Amino acid sequence: MRTLAAFMVWILVSGCSAGNFAPVVDIYGQEPKPRKVTSGTHHVREGETLYSIAWRYGWDFRALARANNIPAPYTIYPGQRISLGIKTSSPAVASKPATTSSKPASKPAASKPASKPAPAAKPASKPATKPAVPVGPVEWRWPASGQVVESFSNASQGRKGIAISGRRNSPVVAAAPGRVVYRGSGLTGYGNLLIIKHSERWLSAYAHNDKMMVKEGDSVKGGQQVATMGASGTFRTQLHFEIRKDGKPVDPMGYLPKR
């Protein structure tokens, strides 16, 4: 009995010791909202951008901006409500009232502008002050030199990009010229994340970074170092790399050059 009791005490002590550290779980292939969310609202938090919100909920940033009447450069504010339940298949412009009616037809909810923030409200992200992103086709390059250890999956809970192995602090470079539209750690499962806009249709993401070397609004060249590889938000040192076209994840292996 004493031997059994001692063993149970050892188990409890070991469990308590392990409990002092929060588990690090790799969930970027199992995002809470892997598909496009078309209901509810999102309350903007400090540090978020329209691009990061669109990324989180599977929207094309242009469609989300149109749905909420947010003009370029897509400035949003903490506390602002972003509707996710507006259908974008029909025009957001209300039709003119009939000439026989004494009252003008009411506009649909989709055409109403987003609520204006209080005058003293601070923008969640500063308006872009850099030149527009390049136009024309995107010439992709590898964002890191390691081996691909996890592949893209179209499954609902599958990985929406590829995982590239590497050593801590090895360089992460921009896969194409563009502008940084998000830098932060607010998206669950991505750790320290950078999102780069390459054109009106193409975005790329670089997750689990250790050190991020560019700021929101910075213009970057293809091959320019933007971060160092790390293990933030995951269980091993690696780069999770995504490409999205019109808001939809695509397999990076179909666009990156063979090596």
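Residues numbered from 1 in each chain as written. Predicted model: local features only at pLDDT ≥ 70, side-chain atom pairs only at ≥ 80, totals over all residues. Heavy atoms only, no water.

1. Describing the overall build of the chain
Counting secondary structure elements, the chain contains 3 helices and 12 strands. Within the chain, the proportion of its 259 residues that are buried is 41%. Contacts spanning at least 24 positions in sequence make up 66% of the contacts within the chain whose residues lie at least 6 apart. Summing over all exposed atoms, the chain offers an accessible surface of approximately 14800 Å²; the carbon and sulfur share of this is 56%. (Helix = DSSP H or I, 4+ residues; strand = E, 2+ residues; numbered from the N terminus. Buried < 20%, exposed > 50% of the residue type's maximum accessible area, 1.4 Å probe, protein only. Contact = heavy atoms within 4.5 Å. Areas by Shrake-Rupley, 256 points an atom, 1.4 Å probe, with all protein chains shown as cover.)

2. Some points on empty space enclosed by the protein
Remark: the empty space left among the atoms is shown by a probe the size of a water molecule rolled over them. According to the stated counting rule, one finds 1 cavity of 30 Å³ or more in the structure shown. By volume, the largest cavity is sized at about 30 Å³. Residues of the lining of the largest cavity, tallied by class, amount to 3 nonpolar, 1 polar and 5 charged. (1 Å grid on protein atoms, 1.4 Å probe; cavity = no way out; pocket = protein on both sides within 12 Å on 5 of 7 lines; lining within 4 Å. Points joined across faces, edges and corners; volume = space filled by probe spheres on them. Nonpolar A, V, L, I, M, F, W, Y, C, P; charged D, E, K, R; others polar.)

3. Regarding the confidence of the model for the chain
Residue-level pLDDT values for the chain average 77, and 68% of them are 70 or greater. Here residues 1-33 is a poorly scored stretch, pLDDT under 50, and it has 30 contacts once near neighbours within four places are set aside; other chains count. (pLDDT = per-residue confidence, 0-100.)

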